[in-house]
Amino acid sequence: MSNYKTPGVYVEEVSQFPPSVVGVATAIPVFIGFTEKVPEGQAKKPVKVSSLVDFVDKFGEGAILSIEDGELKGAEFCLYDSIRLFYDNGGGTCYICSVGQYNTNIGNVTADNYKGKNNEVFTSLEKVDEITLVLFPDAALILSAEQLGTLQQAALKHCGEMKDRFAILDVKELGDLDETIETFRENVGSQYLNYGAAYYPYVKSTYTKDIAFDEILQKELVDEEGIKAEYTQQLSPKDKVLLAEILTKYEAATGSDKKLIAKAIAVLIPGYSSIAAKYQAQASFVPASGAVAGIYCATDSNKGVWQAPANVGIASVSDVKDRLSDANQENLNVDGTAGKSVNAIRFFNGKGIVLWGARTLDGNSNEWRYVPVRRLFNYIEESVQKSTNWAVFQPNDANTWVKVQCQIENFLSNLWRDGALAGSTPDKAFYVKVGQDVTMTPQDILEGKLIVEIGIAAVRPAEFIVLKFSHKLQEV
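These numbers were taken from a predicted model, which means no experiment stands behind them.

(A) Just the layout of surface pockets, in detail. Size it by volume and the largest pocket reaches roughly 600 Å³. In terms of lining, the largest pocket is formed by 24 residues, of which the most central are Trp356, Gly357, Ala462, Glu463 and Phe464. Of all the elements in the fold, those that place two or more residues in the lining of the largest pocket are α14 (326-333) and β16 (352-356). Per-element accounting of the lining of the largest pocket gives the leading share, four residues, to α14. Looking at the lining of the largest pocket residue by residue, the class counts come to 14 nonpolar, five polar and five charged.

Now the structure itself:
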């Protein structure tokens with residue numbers, strides 16, 4: 001009550017509503033990898049990006065690819081395409097942590113390039129509380145299997161210690177399926193497995209790659225005498241002369257004129273289109289984590305973090321590198337030894353490319369087997385933690401306990417109504433306990449501890465739909 005001293009009418013606003021829990025963001029990824037350019041002073045630091053246009057403005061586009069001995073160089077730097085897949089599949093705000101420019105890093109790249117020799121990359125991520133997903137798509141193409149495993153272990157440790165984020169991992173393809181999965185499981189480690197999920201195989205994007213015209217011309221089509229005879233043998237003498245003249249004009253051109261001429265004459269050169277298509281196909285396969293992150297975002301936005309991000313078609317992809325069968329997926333989905341489940345990306349007739357799995361790497365755990373369960377707990381824990389900060393330094397008495405309990409119960413009741421929690425009634429879906437001789441001893445109270453116990457019955461995805469059929473006897 002204010003100490004009134006002057007006669008008059010006074011107005012006081014009295015708060016009648018208890019404090020509420022506000023849900024935190026659930027799908028804000030950080031992409032770690034190589035880019036065309038790096039904003040000044042922002043190397044190995046997360047930079048917020050709101051759209052693909054914003055990304056291009058700050059970090060540039062994809063690499064111009066070169067050809068060396070029939071291997072396509074530069075295609076391994078696929079972060080730009082991964083960002084495009086992210087936005088095409090429902091992504092929104094994200095962070096980019098550039099670890100270098102790709103045109104200066106073709107060669108010996110190790111896990112230290114991604115995490116930093118003193119782990120400074122993940123240390124910088126700790127300072128951005130908004131991040132909830134961690135991924136590094138191009139690492140699967142650039143690093144060896146052992147180096148990739150080192151990076152993946154560091155990412156899982158980061159997520160497990162922060163307790164508010166989740167790692168989306170790519171499985172490096174080694175040719176043979178059994179060898180690929182076994183190598184991944186050996187290298188990914190055994191700690192913090194419920195804070196990450198792995199996806200296999202790579203997906204084929206529909207994006208056109210930027211392969212330099214001169215690369216195909218000089219390294220595939222031309223010899224000392226001009227266009228190789230194997231490509232010109234069906235041309236008439238007149239057409240051969242015309243082709244030579246066109247190439248001469250191209251060689252004499254400079255700057256932007258040369259690029260324009262290249263685009264105009266590419267389709268006129270025998271063999272060019274087929275060779276370009278071969279390299280386009282080779283460069284179009286990228287790890288799937290960028291698309292998966294977009295699906296996480298779209299699922300969270302449209303349905304909720306408790307919905308499994310699976311049985312969803314992937315946009316802007318036309319195929320997968322390895323078409324899996326049910327028998328192939330059995331070994332991926334269930335690992336009886338270590339429980340390191342790998343989520344499959346499948347092709348289905350009439351449905352296209354579909355994300356067909358929602359398991360964490362902790363596949364043998366009844367508690368943390370599923371991606372939506374782990375991420376739902378992350379969401380609830382982070383939301384409640386941030387929204388109960390008001391109680392710090394409040395009197396540790398029954399009044400404060402009741403306010404905290406009501407605040408959390410209201411939040412969980414709303415989640416239950418939205419379908420996030422199992423149970424026909426709220427009391428079957430969750431409980432919140434707080435109080436002396438309930439969650440705290442007198443000594444706890446003397447030490448300033450306010451302890452709240454929360455139990456949640458999370459919904460789990462129906463991973464196996466079993467339909468039982470039997471013959472019904474004919475009735476007379």
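(B) Focus on the pairing of strand β8 (residues 196-200). For β8, the tally of buried residues reaches five of five residues, placing the bulk of the element in the interior. Of the two faces of β8, both are covered, the one formed by Gly196, Ala198 and Tyr200 as well as the one formed by Ala197 and Tyr199. The pairing of strand β7 (residues 166-170) with β8 spans four bridges and is parallel. Bridge pairing in β8 places Ala167 opposite Gly196. For the handedness criterion, the β-α-β arrangement of β7, helix α7 (residues 177-187) and β8 is classed as right-handed. One ladder, built from three bridges, connects β8 with strand β15 (residues 342-348); its direction is parallel. Along β15, the bridge assignment pairs Tyr200 with Ala344.

(C) Local environment of the nonpolar core. In terms of nonpolar packing, the biggest core is built from 71 residues, with Ile32, Tyr114, Phe136, Phe213 and Ile269 touching the most fellow members. Sorting elements by how many residues they give to this core places helix α6 (residues 145-162) first, with six residues. Phe136 has contacts with Ile32, Tyr114, Leu148, Leu151, Gln152, Ala155, Leu169 and Asp170, leaving out every residue within four places of it along the chain. Residues Tyr199, Ala288, Cys297 and Ile353 belong to the second largest nonpolar core, which totals 38 residues.

(D) Molecular detail of helix α12 (residues 272-284). Its 13 residues place the ends of α12 18 Å apart at the C-alpha level, agreeing with the 18 Å of an ideal helix rising 1.5 Å per residue. Residues Tyr272, Ile275, Ala276, Tyr279, Gln280, Ala283 and Ser284 constitute the buried set of α12. End-on view of α12: buried residues confined to an arc of 165°, all on one side of the axis. Against the buried residues of α12 lie β3 (66-68), β4 (71-73), β9 (203-205), α8 (213-221), α9 (229-232) and β12 (285-286).

(E) Spatial organisation of the environment of Leu217. Take Leu217: it is sitting in helix α8. Expressed as a C-alpha distance, the spacing of Leu217 and Gly271, which sit 54 residues apart in the sequence, is 9.7 Å. Aside from chain neighbours lying at most four places away, what touches Leu217 is Val222, Ile227, Leu247, Tyr250, Glu251 and Ile269.

(F) The packing of helix α1 (residues 52-59) against helix α2 (residues 79-88), seen in detail. It is at 10 Å that the axes of α1 and α2 come closest, and there the two elements cross at 160°. In terms of their interaxial angle, α1 and α2 are classed as roughly antiparallel. Along this stretch, α1 crosses α2, giving a crossing that reads as right-handed. Taking contact as the criterion, the partners of Leu52, Phe55 and Val56 in α1 are, on α2, Tyr80, Ile83, Arg84 and Tyr87. Among the residues forming the contact of α1 with α2, the class breakdown is six nonpolar, no polar and one charged.

(G) Inspection of the packing of aromatic side chains at higher detail. Tallying each qualifying case throughout the model produces 14 aromatic pairs. For the ring pair Phe86 and Tyr87, a centre distance of 5.0 Å and an interplane angle of 70° mean the geometry is edge-to-face. The exposure class assigned to Phe86 is buried, which follows from its relative accessible area of 0%. Where Phe213 meets Tyr272, the ring centres are 5.3 Å apart and the plane angle is 40°; that geometry is what we call tilted. With Phe213 in helix α8 and Tyr272 in helix α12, the pair connects residues that are 59 residues apart, well separated along the chain. For the pair Phe213 and Tyr272, one class covers both residues: buried. These aromatic residues form a ring-pair network of at least three members: Phe34, Phe77, Tyr102 and Tyr114. It is Arg323 that lies over the ring of Phe347; its NZ or CZ is 3.8 Å from the centre.

(H) Representation of unusual backbone geometry. The omega torsion across Tyr200 and Pro201 is 0°, close enough to zero to call that bond cis. Phi angles above zero are rare outside glycine, and Phe393 is one such case at about 75°. Within the secondary structure, Phe393 is located in the loop between α15 (371-387) and α16 (398-418).

Scoring rules and cut-offs
Residues numbered from 1 in each chain as written. Predicted model: local features only at pLDDT ≥ 70, side-chain atom pairs only at ≥ 80, totals over all residues. Heavy atoms only, no water. 1 Å grid on protein atoms, 1.4 Å probe; cavity = no way out; pocket = protein on both sides within 12 Å on 5 of 7 lines; lining within 4 Å. Points joined across faces, edges and corners; volume = space filled by probe spheres on them. Helix = DSSP H or I, 4+ residues; strand = E, 2+ residues; numbered from the N terminus. Nonpolar A, V, L, I, M, F, W, Y, C, P; charged D, E, K, R; others polar. Buried < 20%, exposed > 50% of the residue type's maximum accessible area, 1.4 Å probe, protein only. Pairing = 2+ DSSP bridges. Right-handed = clockwise from strand over helix to strand, strands pointing away. Core = buried A, V, L, I, M, F, W, Y, C linked by side-chain atoms within 4.5 Å. Contact = heavy atoms within 4.5 Å. Expected span 1.5 Å × (residues − 1). Arc of directions from axis to C-beta. Axes fitted to C-alpha atoms, helices over the stretch in contact; angles between N-to-C directions. Parallel < 35°, antiparallel > 145°, perpendicular 65-115°, else oblique. Left-handed = near helix turned anticlockwise from the far one by under 90°. Phe/Tyr/Trp six-rings, centres within 6.5 Å; stacked < 30°, edge-to-face > 60°. Lys NZ or Arg CZ within 6 Å of the ring centre and 35° of its normal.

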